[in-house]
Amino acid sequence: MNEIVTFGHPALITKSSDIVEIDDYIVNLSKKMIDIMYEAPGVGLAAPQIGINKNIFVFDSGEGPYVAINPKMEKKEGEIVFMEGCLSLPGYYWDIERSEYAKISCINEQGEEVIYEGEDLLGRVLQHEYDHLKGRLLIKSLKRKARKDALREISLKGFPGDKI
Ligand SMILES: [Zn+2]
């Protein structure tokens, strides 16, 4: 049941729009996204990764799952380089520089206002999934030369790690 779209799909480079109402569709969507995330398996999944350009992502960095709807980045601090991959770029990992700490405000699937914040894996997942909603893929966070190499490698090899 892997419905995750990979690099090259237009939804991945499109800016997502806010969710106006938390109705059954959104509640079911969040459940479905959590299932797909665990099945992948991954620690986060944003709606564009299943071809839906809406501002919602799910994540579980160890204590979840949690749902983030219409997230806003409130704060980022520090700098850290970390080996990072993406379910939409299966089989690839790069050293990515990001903030060490991130704080996001959003709504959860019950319509409650919530804050998600943290360092380490959580801080990283929040930034990674938030980027997806802005149409920004991992590859964009690479430095110029590394990005060129990455794009060349993908065009030559495709996604050998892809389980589809
Ligand atoms: Zn990703």
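Residues numbered from 1 in each chain as written. Predicted model: local features only at pLDDT ≥ 70, side-chain atom pairs only at ≥ 80, totals over all residues. Heavy atoms only, no water.

Draft legend 1. Layout of the pairing of strand 3 (residues 66-77). Looking at chain direction, strand 2 (residues 56-59) and strand 3 are connected through four bridges and run antiparallel. Counterpart to Val58 in the pairing with strand 3 is Val67. Counting the residues in the hairpin turn of strand 2 and strand 3 gives six residues, including Gly62, whose phi is positive at 135 degrees. As defined by bridge partners, strand 3 adjoins strand 6 (residues 101-107) across six bridges and the pair is classed as antiparallel. Bridge pairing links Lys75 to Lys103 in strand 6. (Pairing = 2+ DSSP bridges. Helix = DSSP H or I, 4+ residues; strand = E, 2+ residues; numbered from the N terminus.)

Draft legend 2. Broad picture of helix 1 (residues 24-39). Between its first and last C-alpha atoms helix 1 spans 22 Å; for 16 residues at 1.5 Å apiece the expected length is 22 Å, and the two agree. Of all the residues in helix 1, the buried ones are Ile26, Leu29, Ser30, Met33, Ile34, Ile36 and Met37. Buried residues of helix 1, viewed axially, fall in a sector of 165 degrees; they line one side. (Expected span 1.5 Å × (residues − 1). Buried < 20%, exposed > 50% of the residue type's maximum accessible area, 1.4 Å probe, protein only. Arc of directions from axis to C-beta.)

Draft legend 3. Inspection of the sheet that holds strand 1 (residues 44-46) at higher detail. In space, the five strands of this open sheet follow the order 1-2-3-6-7, with antiparallel pairing throughout. For this open sheet the edge positions go to strand 1 and strand 7 (113-118), each flanked by a neighbour on one side alone. In this sheet, adjacent strand axes meet at a mean angle of 35 degrees when their direction is disregarded. Each of strand 1, strand 2 and strand 3 touches helix 1; the most contacted strand, strand 2, lies at about 40 degrees to it. The strands touched by helix 2 (residues 120-133) within the sheet are strand 1, strand 2, strand 3, strand 6 and strand 7, with strand 2 carrying the most contacts at an inclination of about 155 degrees. (Axes fitted to C-alpha atoms, helices over the stretch in contact; angles between N-to-C directions. Contact = heavy atoms within 4.5 Å.)

Draft legend 4. View of a nonpolar patch on the surface. Residues Val43, Phe82 and Leu121 make up a contiguous nonpolar surface patch of roughly 210 Å² in combined accessible area. You can see Leu121 is positioned in helix 2. In this structure Leu121 comes out as partly exposed when scored by relative accessible area, which is 35%. (Patch = residues over 30% accessible without salt bridge, like charges linked within 9 Å, V, L, I, M, F, W, Y side chains within 5 Å. Areas by Shrake-Rupley, 256 points an atom, 1.4 Å probe, with all protein chains shown as cover. Salt bridge = Lys/Arg side-chain N within 4 Å of Asp/Glu carboxyl O.)

Draft legend 5. Focus on the coordination of the zinc ion. Coordination of the zinc ion by the protein comes from Cys86 (SG), His128 (NE2) and His132 (NE2), over a distance range of 2.0 to 2.2 Å. In primary-sequence terms, the residues that donate to the zinc ion follow C-x41-H-x3-H. Taken together, the residues span a long stretch of sequence, with Cys86 in the loop between strand 4 (80-84) and strand 5 (94-98) and His128 in helix 2 at a distance of 42 residues. The exposure class of Cys86 is buried, given its relative accessible area of 8%. (Donors = N, O, S within 2.8 Å, 3.2 Å for Na, K, Ca; no water.)

Draft legend 6. Geometry of the packing of aromatic side chains. Applying the stated criterion across every chain yields a total of six aromatic pairs. Both rings, one in Phe57 and one in Phe59, keep their centres 5.9 Å apart while their planes meet at 50 degrees; by these two values the pair is tilted. Take Phe57: its relative accessible area is 0%, and that puts it in the buried class. What makes Phe59 buried here is its relative accessible area of 2%. A centroid spacing of 5.4 Å and a plane angle of 50 degrees characterise the contact between Tyr66 and Tyr116, whose relative ring orientation is tilted. (Phe/Tyr/Trp six-rings, centres within 6.5 Å; stacked < 30°, edge-to-face > 60°.)

Draft legend 7. Looking closely at the pattern of salt bridges. Within this structure, the stated rule accounts for ten salt bridges. Across the pair Arg98 and Asp131 runs a salt bridge, and its minimum N-O distance is 3.0 Å. With Arg98 in strand 5 and Asp131 in helix 2, the pair connects residues that are 33 residues apart, well separated along the chain. A relative accessible area of 7% means that Arg98 is categorised as buried. Residue Asp131 is classed as buried on the basis of its relative accessible area of 13%. Taking the shortest distance from any N to any O, the salt bridge between Asp149 and Lys145 comes out at 2.8 Å. Of the two residues, Asp149 and Lys145 are both situated in helix 3 (residues 144-157); the distance of four residues between them amounts to about one turn of the helix. Judged by relative accessible area, which is 31%, Asp149 ranks as partly exposed.

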